Amino acid sequence: MTDLLPGPAKPSPWRSWAARRLLLGLAQTAAVVLLVFALTEALPGDAAVALAGDDPDPARIAAIRAALHLDRPAHERLADWAAGLLHADLGVSLASGRPVTSALADGFGPTLLLAALTVILLVPLGVGLGVLGARREGGPVDRAVSSLTLAVYAVPEFAFGVLLVTVFALRLGWLPPTAVGYGTDLLAHPAVLVLPVLVLLARPVCSLSRLVRAGMIDALAAPYAAQARRYGISGTRVRYAHALPNAVAPAAQQLARTVDWLLSGVIVVEALFVVPGLGTVLMDAVAARDVPVVQGLAVVFGLVAVVLNLAADLVARRFAPRAGVAA
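Cut-offs and rules
Residues numbered from 1 in each chain as written. Predicted model: local features only at pLDDT ≥ 70, side-chain atom pairs only at ≥ 80, totals over all residues. Heavy atoms only, no water. Salt bridge = Lys/Arg side-chain N within 4 Å of Asp/Glu carboxyl O. Buried < 20%, exposed > 50% of the residue type's maximum accessible area, 1.4 Å probe, protein only. Helix = DSSP H or I, 4+ residues; strand = E, 2+ residues; numbered from the N terminus. Contact = heavy atoms within 4.5 Å. Polar contact = N/O pair within 3.5 Å; in protein donor to acceptor, adjacent residues only side chain to side chain. Core = buried A, V, L, I, M, F, W, Y, C linked by side-chain atoms within 4.5 Å.

Let us look at the pattern of salt bridges. For the coordinates displayed, the defined rule picks out one salt bridge. Here Arg-98 and Asp-106 are joined by a salt bridge, their closest N and O atoms 2.8 Å apart. We classify Arg-98 as partly exposed; its relative accessible area is 35%.

Mapped onto the secondary structure, Arg-203 falls in helix α8 (residues 190-220). Relative accessible area serves as the criterion here: at 24%, Arg-203 is assigned to the partly exposed category. Taking the C-alpha atoms as reference points, Arg-203 and Thr-258, separated by 55 residues in sequence, lie 9.5 Å from one another. Setting aside residues no more than four positions away along its own chain, Arg-203 makes contact with Val-152, Tyr-153, Val-155 and Glu-157. Polar side-chain contacts of Arg-203 include one of 3.0 Å to the backbone oxygen of Tyr-153.

To continue, consider the nonpolar core. The biggest cluster of nonpolar side chains holds 25 residues, and the ones touching the most others in it are Leu-186, Leu-195 and Phe-273. Elements with a minimum of two residues in this core: α5 (100-135), α7 (157-171), α8, α10 (235-264) and α11 (267-273). Once you skip the residues sitting within four places of it in the chain, Leu-186 turns out to touch Pro-110, Leu-113, Ala-179, Val-192, Leu-193 and Val-275. Of all hydrophobic cores here, the second largest spans 13 residues; its members include Val-36, Leu-104, Leu-278 and Ala-298.

Another point: the environment of Met-283. By the secondary structure assignment, Met-283 is in helix α12 (residues 278-287). Met-283 gets classed as partly exposed once you look at its relative accessible area, which sits at 35%. Considered as a pair, Met-283 and Ala-271 are 12 residues apart in the sequence and their alpha carbons are 8.8 Å apart. In contact with Met-283, other than residues within four places in its own chain, are Ile-267 and Ala-271.

Structure representation (structure tokens):
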């Protein structure tokens, strides 16, 4: 009789995998925070020296250091800051005295706007170019798209941005060269967004389209696609209902990496076009040795990377479950 009784429920493989991925992501975020704190501590000077300005009197620097509690050991300051994270408290800026969350909120809007516009344009352009190249594999259109994407991908963002500013802003005068004078409400001035979005969009479109093209070519050459054609299924349905979902898995992971880069690697573009986003906040914080702001940005970027990569792996397992995703 005991053999017929149901045993204890086994944990779901999917839940175990998700838990492992989440724990790994949190460990990576903690490692990033520790590394950023160590590197910031290794920089010459500190916030007290930066705040002393043109009066680097040792007594004044010591007084500022004591007022900011910078005279305490580094491990104590790190422990206090880590304890505050449990209450969603990122600390207080050493330079301005404002909460770190307020400093990040000021720059989050422009950065999020640039990233959102880039992703909105990236998905249809990248997938569309990839499908177009796969449909005309080896033809003139495919060769033209492949050559163009390869050439654009080889140009660094900064060089591409300088080229666009020189041509469209300085020579032709069609677009403003920077965001200076337009405030933080960039959506009210769409002309300011054109050049930064083009720079952010250039390389991700190239990589995503080439990835979709390769996945579509492999899927269209698979036996199930040939079998579908023999059953009389139209080429359009074979491409979009059968081949495209199999190309979505690697493309989704690439898209997650792109969004992660847009939020954390947009510093160069924001510096080039003087956009008041998180990149500007980070550069100002590093210049002022404002460790809490730098750490707060590290936490935000780390958590965004964890969530995006976990979501990409979920999409990959949904559309290509047999391929599996390593935890």
